Amino acid sequence: MPPKRNDGFDERNDGVMIIVSTDGSCLRNPGGAIGWAWVNHSGGSASGGGAVGTNQIAELTAVLQAVRAHGGSEPLLIESDSLYAIKCASEWLPGWKRKGWRTASGGPVKNLELIRAIDDAIADRDGPVRFRWVRGHVGNYFNEQADTLAGQAARAVAAGAEPEFAGSGVVVRAEPAPDPVPAAASAPADLGEPDTLF
């Protein structure tokens, strides 16, 4: 039996781990329509958008919606091509909280409402949450699916789609499972460097 890891992931759970890819899109950064999406590697996805935002807001919203949609005690691994979103939700967050939501330079934390919501969603979840950076636009099947859904959501909002509001003004649309994963896409491509795990 493998030993319990010190990062909250327990390899004695029969290998059950939820893996979700997230992405955000902003048609004109800043100030354009935004879209966000998550894609569960075992099936299912959701996407939505807002009339005005930034790429950072879209990326953070994708992470927030993914955590909220995947409750439970199983470990959750979120893959993203946004180092900003990953570091906000993991590396930088504890220091910001200790400093009263101020940055290292003493300034206010940007996108604080979303970052606090991510912190709350992670804290409310029974199972651990980890993040892995993946390179975008290199053929990673699930990252490409999330990118496509986020872009479609942003374009739909820009075209005047009637949004259903949830949370802080984002459109939420759940989708059926994506097309089956092609055999060649089931494992990440070897990029010559390991993915960064946070």
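Only a predicted model underlies this, so the values are computations on that prediction, with no experimental measurement involved. (Residues numbered from 1 in each chain as written. Predicted model: local features only at pLDDT ≥ 70, side-chain atom pairs only at ≥ 80, totals over all residues. Heavy atoms only, no water.)

### Notes on the pairing of strand 4 (residues 76–80)
On a regular strand, each side chain points to the face opposite its neighbour's, so the side chains alternate between the two faces of the sheet.
Here's step 1: A large share of strand 4 lies buried, amounting to 5 of its 5 residues.
Here's step 2: Of the two faces of strand 4, the one carrying Leu76, Ile78 and Ser80 and the one carrying Leu77 and Glu79 are both buried.
Here's step 3: In this structure, strand 1 (residues 18–26) lies alongside strand 4, joined through 5 bridges in parallel fashion. Across the sheet, residue Val20 finds its bridge partner in strand 4, namely Ile78. (Buried < 20%, exposed > 50% of the residue type's maximum accessible area, 1.4 Å probe, protein only. Helix = DSSP H or I, 4+ residues; strand = E, 2+ residues; numbered from the N terminus. Pairing = 2+ DSSP bridges.)

### Some words on the nonpolar core
Here's step 1: Grouped together as the largest cluster of nonpolar side chains are 29 residues, with contacts concentrated most on Leu60, Val63, Leu76, Ile78, Ile115 and Phe131.
Here's step 2: Contributions of two or more residues to this core are made by strand 1, strand 2 (32–40), helix 1 (55–69), strand 4, helix 2 (83–89), helix 3 (93–98), helix 4 (112–124) and strand 5 (129–133).
Here's step 3: Broken down by element, the residue count for this core peaks at 6 residues, all from helix 1.
Here's step 4: Residues Ala37, Tyr141, Phe142 and Ala150 belong to the second largest nonpolar core, which totals 7 residues. (Core = buried A, V, L, I, M, F, W, Y, C linked by side-chain atoms within 4.5 Å.)

### Side note on the pattern of salt bridges
Here's step 1: Tallying each qualifying case throughout the model produces 2 salt bridges.
Here's step 2: The closest approach of N and O atoms between Glu79 and Arg132, which form a salt bridge, is 2.6 Å. One end of the pair, Glu79, is in strand 4; the other, Arg132, is in strand 5, with 53 residues separating them in the sequence.
Here's step 3: Residue Glu79 is classed as buried on the basis of its relative accessible area, which comes to 3%.
Here's step 4: For Asp119, the salt bridge is made with Lys97, and the minimal N-O distance between the two is 3.0 Å. Placement of Asp119 in helix 4 and of Lys97 in helix 3 is noted, with a sequence separation of 22 residues between them.
Here's step 5: Look at Asp119 and you get buried, because its relative accessible area is 15%.
Here's step 6: We classify Lys97 as partly exposed; its relative accessible area is 41%. (Salt bridge = Lys/Arg side-chain N within 4 Å of Asp/Glu carboxyl O.)

### Focus on the confidence of the model for the protein
Here's step 1: For the protein, mean pLDDT is 82; residues scoring 70 or higher make up 74% of the total.
Here's step 2: Mean pLDDT across the secondary structure elements of the protein bottoms out at strand 6 (residues 165–166), with 38, and peaks at strand 4, with 98.
Here's step 3: The low-confidence segment residues 1–13, where pLDDT is below 50, has 16 contacts with residues more than four positions distant or belonging to other chains.
Here's step 4: A low-confidence stretch, residues 164–172 stays under pLDDT 50, and its non-local contacts, those more than four residues away or across chains, total 21 contacts. (pLDDT = per-residue confidence, 0-100. Contact = heavy atoms within 4.5 Å.)

### Describing the pairing of strand 3 (residues 45–53)
Here's step 1: Of all 9 residues in strand 3, 7 are buried, a share of seventy percent or more.
Here's step 2: Where strand 2 lies against strand 3, 7 bridges are found, and the strand directions are antiparallel. Note on strand 3: the bridge partner recorded for Ile34 is Gly50.
Here's step 3: Counted along the chain from strand 2 to the antiparallel partner strand 3, the turn is 4 residues long, and its residue Gly43 has a positive phi close to 125°.

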